[in-house]
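Survey of secondary and tertiary structure
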Amino acid sequence: MSSRGRLLVVEDEPSIRELLCASLRFAGFTVTSAATGSEALQAARDDSPDLVLLDVMLPDRDGFEVVRRLRSSGVRVPVLYLTARDGTDDRVTGLTIGGDGYITKPFSLEEVIARVTAVLRRTRPGTEQLTCGELSLDVDSHVVRRGSRVVELSPTEFRLLHYLMRNSGRVLSKAQILDQVWSHDFDGDVGVVESYISYLRRKVDGTEPRLIHTVRGLGYMIRP
Ligand code: CA
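Attention here is on the structure that accompanies the text. These numbers were taken from a predicted model, which means no experiment stands behind them.

What counts, and where the lines are drawn
- Residues numbered from 1 in each chain as written.
- Predicted model: local features only at pLDDT ≥ 70, side-chain atom pairs only at ≥ 80, totals over all residues.
- Heavy atoms only, no water.
- Helix = DSSP H or I, 4+ residues; strand = E, 2+ residues; numbered from the N terminus.
- Expected span 1.5 Å × (residues − 1).
- Buried < 20%, exposed > 50% of the residue type's maximum accessible area, 1.4 Å probe, protein only.
- Contact = heavy atoms within 4.5 Å.
- Core = buried A, V, L, I, M, F, W, Y, C linked by side-chain atoms within 4.5 Å.
- Phe/Tyr/Trp six-rings, centres within 6.5 Å; stacked < 30°, edge-to-face > 60°.
- Patch = residues over 30% accessible without salt bridge, like charges linked within 9 Å, V, L, I, M, F, W, Y side chains within 5 Å.
- Areas by Shrake-Rupley, 256 points an atom, 1.4 Å probe, with all protein chains shown as cover.
- Salt bridge = Lys/Arg side-chain N within 4 Å of Asp/Glu carboxyl O.
- Lys, Arg positive; Asp, Glu negative; His and termini not counted.
- Charge placed at Lys NZ, Arg CZ, Asp CG, Glu CD.
- Pairing = 2+ DSSP bridges.

1. Topic: helix α1 (residues 14-26)
- Relative to the 18 Å expected for 13 residues at 1.5 Å per residue, α1 spans 18 Å between its end C-alpha atoms, a close match to the ideal helical length.
- Three or more residues of α1 are buried, namely R17, L20, C21, A22, S23, L24 and R25.
- Looking at the buried side of α1, the elements it contacts are β1 (6-10), β2 (30-34), β3 (51-55), β4 (79-84), α4 (109-123) and α6 (174-181).
- Following α1 by one or two positions, G28 has its phi on the positive side, about 105 degrees.

Structure (structure tokens):
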């Protein structure tokens with residue numbers, strides 16, 4: 001399972017939004033979501049996603065307006081529109097009010113993942129390598145090294161380490177970690193985060209200097 005980009009899912013229908021978020025996380029993406037156009041504008045600026053999946057029919061303003069506003073404030077993020085198939089969204093034929101394509105509902109999750117992957121491949125710079133001190137993580141090949149030693153991680157451990165390293169120097173709460181690393185419908189508590197942090201420590205942080213820090217009462221942080 002690959003960890004391949006930050007997505008913003010904008011959809012006002014809760015069941016569709018949750019399904020998309022859970023499936024895309026499970027497919028290895030980092031996902032945030034918004035239910036209205038205003039929330040989307042805020043999130044696109046705050047979370048700097050690599051791609052936005054944007055429902056056209058939103059309660060406050062439509063998706064095209066959202067993109068117009070993003071572009072006029074200089075935000076260049078790629079956008080895939082989610083549209084209804086019933087012909088009411090004829091405007092999509094002229095699509096392109098700054099978008100990179102559209103997916104019609106009902107869609108299959110395989111289709112969404114394939115389209116997202118294709119756009120990201122086109123728009124994102126090549127291999128992403130994250131480093132923290134002597135620890136390195138290659139996003140595409142999944143190779144993690146501490147110094148010259150290759151460390152074998154389970155998919156969950158990899159996603160956890162990737163999330164920590166993407167946010168190097170920032171304190172992440174256990175709830176945030178649970179939300180981003182485990183799928184949305186995961187029926188567990190933050191105890192699982194503590195367990196996985198301890199597995200990770202054993203595998204990647206057994207030598208000085210320690211990189212994964214517990215910030216008492218707040219959460220965890222990785223930093224050199
Ligand atoms: Ca809608």
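Let us keep going from here.
2. Topic: the environment of G5
- Within the fold, G5 resides in the segment before β1.
- Residue G5 is classed as buried on the basis of its relative accessible area, which comes to 0%.

3. Quick word on the nonpolar core
- One finds V144, L161, I177, V204 and I222 to be the most contacted residues of the largest nonpolar core, which totals 29 residues.
- Of all the secondary-structure elements, those providing two or more residues to this core are β6 (129-132), β7 (135-138), α5 (155-166), α6, α7 (191-204) and β11 (219-222).
- Those residues in contact with V144 that lie beyond four places of it in its chain are L135, S136, L137, R149, V150, V151, L153, F158, L161 and V204.
- Ranked by size, the runner-up nonpolar core spans 19 residues in total, among them V10, A40, L41 and V77.

4. Describing the packing of aromatic side chains
- Tallied over the entire structure, the rule returns three aromatic pairs.
- With centroids separated by 4.9 Å and ring planes inclined at 70 degrees, the aromatic side chains of Y196 and Y199 adopt a geometry described as edge-to-face. One end of the pair, Y196, and the other, Y199, are both in helix α7, three residues apart, so they sit about a helical turn from each other.
- Among the residues examined, Y199 registers a relative accessible area of 33% and is labelled partly exposed.

5. Quick word on a negative patch on the surface
- A surface patch of like charges, here negative, comprises D12, E13, E39 and D60.
- Take E13: it is sitting in the loop between β1 and α1.
- Judged by its relative accessible area of 38%, E13 is partly exposed.

6. Quick notes on the pairing of β7
- Of the two faces of β7, the one carrying L135 and L137 and the one carrying S136 and D138 are both buried.
- As paired strands, β6 and β7 are joined by four bridges and run antiparallel to one another. Paired with Q129 across the two strands is D138, which belongs to β7.
- Bridge count for β7 against strand β8 (residues 144-146) is three bridges, and the pairing is antiparallel. Residue pairing in the sheet places S136 in a bridge with R145 of β8.
- What sits between β7 and β8 in their antiparallel hairpin is a turn of five residues, with H142 showing a positive phi close to 65 degrees.

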